[in-house]
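Working through the structure, step by step
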Amino acid sequence: MLEKKLENKNIKPTTMRLLVLRQLVESGAAISLGDLEAKFERADKATLYRTLKTFEDKKLIHSIEDGTGAVKYALCEEGCECEPQDQHIHFHCVKCGETYCLTQSKIPQTQIPTGFRASSASMVYKGVCANCP
């Protein structure tokens, strides 16, 4: 299944790419480069970073700036092209630090001035998630 997911995005399924993809699938929340480094202690940071950038360039994952200072990454939905109309709201838990994709809630379309062209949009709610008391 993981190999097919990579092949569908024209990404060669190397061992490291499969390991990173498995971690993204199993995590349930967005993960940072630091999170991946902690999971794969023997992996080279540059290799992990290049893997994430390849996934992002091929629109397999999207990046999230949740205000914590660390960019986090999560899997894109099927058919996502990471255009503003495809993007969804995120939720950052201030208690446990996890960031979740709220894929059912799309970012509202906003009228921008003539001559401006949006290439991305971001909306992050902050509070306490359902996993934290």
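Our subject is the structure listed above.
Attention here is on the structure that accompanies the text. Chains are numbered independently. Their residues run from 1 in the order of the written sequence. Since the coordinates come from a predicted model, pLDDT governs what is reported: local features require at least 70, and pairs of side-chain atoms require 80 or more to be given and counted, while whole-chain, interface and lining totals use all residues. Only hydrogens and water are set aside when side-chain values are computed; all heavy atoms of the structure are taken into account.

1. A look at helix H2 (residues 15-27)
This is how the line gets drawn: What counts as a helix is a DSSP run of H or I of at least four residues, what counts as a strand is a run of E of at least two, and both are numbered from the N terminus. Expected span of a helix: the number of residues minus one, times 1.5 Å. Partly exposed residues are those whose accessible area sits between 20% and 50% of the maximum for their type, while under 20% is buried and over 50% is exposed, using a 1.4 Å probe and protein chains only. Contacts are assigned to residue pairs that have any heavy atoms within 4.5 Å of one another.
For H2, built from 13 residues, the straight-helix expectation of 18 Å at 1.5 Å per residue is met to within 8% by its first-to-last C-alpha distance of 18 Å. Restricting attention to buried positions, one finds in H2 the residues Met16, Leu18, Val20, Leu21, Gln23 and Leu24. Looking at the packing, one finds that the buried side of H2 touches helix H1 (2-8), strand S1 (31-32), helix H3 (33-39), helix H4 (45-57), strand S2 (61-64) and strand S3 (72-75). Where H2 ends, the next residue or the one after it, glycine 28, has phi of about 80°, a positive value.

2. Observations concerning H4
Note the threshold: Along the arc lie the directions from the helix axis toward the C-beta atoms.
Taking 1.5 Å of rise per residue, the 13 residues of H4 would be expected to cover 18 Å, and the 18 Å separating its terminal C-alpha atoms lies within 8% of that figure. All of the buried residues in H4 are Leu48, Thr51, Leu52, Phe55 and Glu56. Viewed along the axis of H4, the buried residues span an arc of 130°, placing them on a single side of the element. Among the exposed residues of H4, those oriented more than 90 degrees off its buried face are Arg50 and Asp57. Elements that come into contact with the buried residues of H4 comprise H1, H2, H3, S2 and S3. One or two residues past the end of H4 sits lysine 59, with phi positive at roughly 65°.

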